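Single-letter residue listing:
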Amino acid sequence: MTAAQQPIRVLVVEDDPVAADAHVMYVGRVPGFVAVGKAHTGAEARRALDRTPVDLLLLDLHLPDVHGLQLARSLRAAGHHADVIAVTSARDLTVVREGVSLGVVQYVLKPFTFATLRDRLIRYAEFHAAAGEASGQDEVDRALATLRAPSPAALPKGLSAPTLERVSVVLRDCADGLTATGVAEEVGISRITARRYLEHLVDAGRAARSPQYGTVGRPELQYRWVKGQ
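1. Here's the deal with the sheet that holds strand β5 (residues 104-109)
Taking strand neighbours across the sheet as the criterion, the five strands line up as β2-β1-β3-β4-β5 in an open arrangement whose pairing is parallel. A strand with exactly one partner marks an edge of an open sheet, and here the two such strands are β2 (33-39) and β5. Across the sheet, the axes of successive neighbouring strands diverge by a mean angle of 20 degrees, strand direction being ignored. Bridge count for strand β1 (residues 8-13) against strand β3 (residues 56-60) is four bridges, and the pairing is parallel. In the sheet register, V13 faces β3, and the bridge partner there is L59.

Given below as structure tokens:
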């Protein structure tokens, strides 16, 4: 492997051990990336960076000992130049604007799926690979555009993004799975409507269906969230 082909080295900084392990696993599933370690606090992240070269931080903003942006600021002052993908449940646009000046190239809002993080990492890899002198404004614009997420794909007629998100959350939070009837009761929609959303999730590879046996009459389909999505 040549220097140009070296994987992008990622340090996962996340205070929740379960989430940290999941993020390390996610990074390892994306070609061209390798997780070189994980840290649960800002202090651990500083020590890890002093020991190991890192290209990218997957940084939770709410750490037990320091805010993620404060950590990013102190790392810049100490001469660390790793880029940052911020992981947060906060939606404060003031924080987003502040992060831009500190090397935050992407934000991923919790909870997120593997597919969401994979998309951000692939886009970052394209941006990271850009080198040499731009021929003009268009080439500069294209390099920066690689970091922007594409517009979401259009949903089938009659489906809405907010309802799809509610159905997704309900299904994701139920480890044993749910029927269309169960989802309809949780979300407050009709069983037929719930079935349409669930079938859309199955078609998208985000859910799986199986017959629910042990009931009288025709078995109702049981839907489960696909782990890692």
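2. Some details on helix α3 (residues 68-77)
Those residues of α3 that sit buried are G68, L69, L71, A72 and L75. When α3 is viewed along its axis, its buried side chains cluster within an angular range of 155 degrees and face the same direction. Looking one or two residues past α3, G79 carries a phi angle of roughly 95 degrees, positive in sign.

3. Brief notes about the nonpolar core
Ranked by size, the top nonpolar core spans 22 residues in total, and within it L11, V13, L57, L59 and L71 carry the most contacts. At the level of secondary structure, the elements contributing two or more residues to this core comprise β1, α2 (42-51), β3, α3, β4 (83-88) and β5.

4. Regarding the environment of P111
The residue P111 is located in the loop between β5 and α5 (114-129) in this model. When the C-alpha positions of P111 and S89 are compared, they lie 7.3 Å apart, and in sequence the two are 22 residues distant.

5. Digging into the packing of helix α8 (residues 180-187) against helix α9 (residues 191-203)
Between α8 and α9, the least distance of the axes is 8 Å, while the angle of their chain directions is 105 degrees. Between α8 and α9, the angle is such that the two are roughly perpendicular. Residues A180, T181, V183 and A184 of α8 form the contact with α9, whose own contacting residues are R191, A194, R195 and L198.

6. Describing the pairing of β1
Across the six residues of β1, five count as buried, placing the element largely inside the fold. Sheet analysis places β1 next to β2, joined by six bridges and oriented parallel. Bridge pairing in β2 places R9 opposite V34. For the crossover from β1 across helix α1 (residues 17-28) to β2, the handedness is right-handed.

7. Quick look at the sheet that holds strand β7 (residues 207-212)
The strand order across the open sheet formed by three strands is β6-β8-β7, and the pairing between neighbours is antiparallel. Every other strand in the sheet has two partners, leaving β6 (178-179) and β7 as the edge strands with one partner each. As paired elements, β7 and strand β8 (residues 220-225) share six bridges and run antiparallel to each other. Following the sheet pairing, A207 is matched in β8 by W225. Together, β6, β7 and β8 form the strand contacts of helix α7 (residues 161-172), whose direction differs from that of β8 by roughly 90 degrees.

8. Re the packing of aromatic side chains
Tallied over the entire structure, the rule returns one aromatic pair. Their ring planes at 55 degrees and their centres at 5.4 Å tell us that Y26 and F114 sit as a pair that is tilted. One end of the pair, Y26, is in helix α1; the other, F114, is in helix α5, with 88 residues separating them in the sequence. As far as the burial class goes, Y26 and F114 line up, both buried. Above the plane of the ring of F114 lies R29, whose end atom (NZ or CZ) is 3.8 Å from the centre. For R172, the ring lying beneath its charged end belongs to W225, and the centroid distance is 4.7 Å.

Cut-off values and rules
- Residues numbered from 1 in each chain as written.
- Predicted model: local features only at pLDDT ≥ 70, side-chain atom pairs only at ≥ 80, totals over all residues.
- Heavy atoms only, no water.
- Pairing = 2+ DSSP bridges.
- Helix = DSSP H or I, 4+ residues; strand = E, 2+ residues; numbered from the N terminus.
- Axes fitted to C-alpha atoms, helices over the stretch in contact; angles between N-to-C directions.
- Buried < 20%, exposed > 50% of the residue type's maximum accessible area, 1.4 Å probe, protein only.
- Arc of directions from axis to C-beta.
- Core = buried A, V, L, I, M, F, W, Y, C linked by side-chain atoms within 4.5 Å.
- Parallel < 35°, antiparallel > 145°, perpendicular 65-115°, else oblique.
- Contact = heavy atoms within 4.5 Å.
- Right-handed = clockwise from strand over helix to strand, strands pointing away.
- Phe/Tyr/Trp six-rings, centres within 6.5 Å; stacked < 30°, edge-to-face > 60°.
- Lys NZ or Arg CZ within 6 Å of the ring centre and 35° of its normal.

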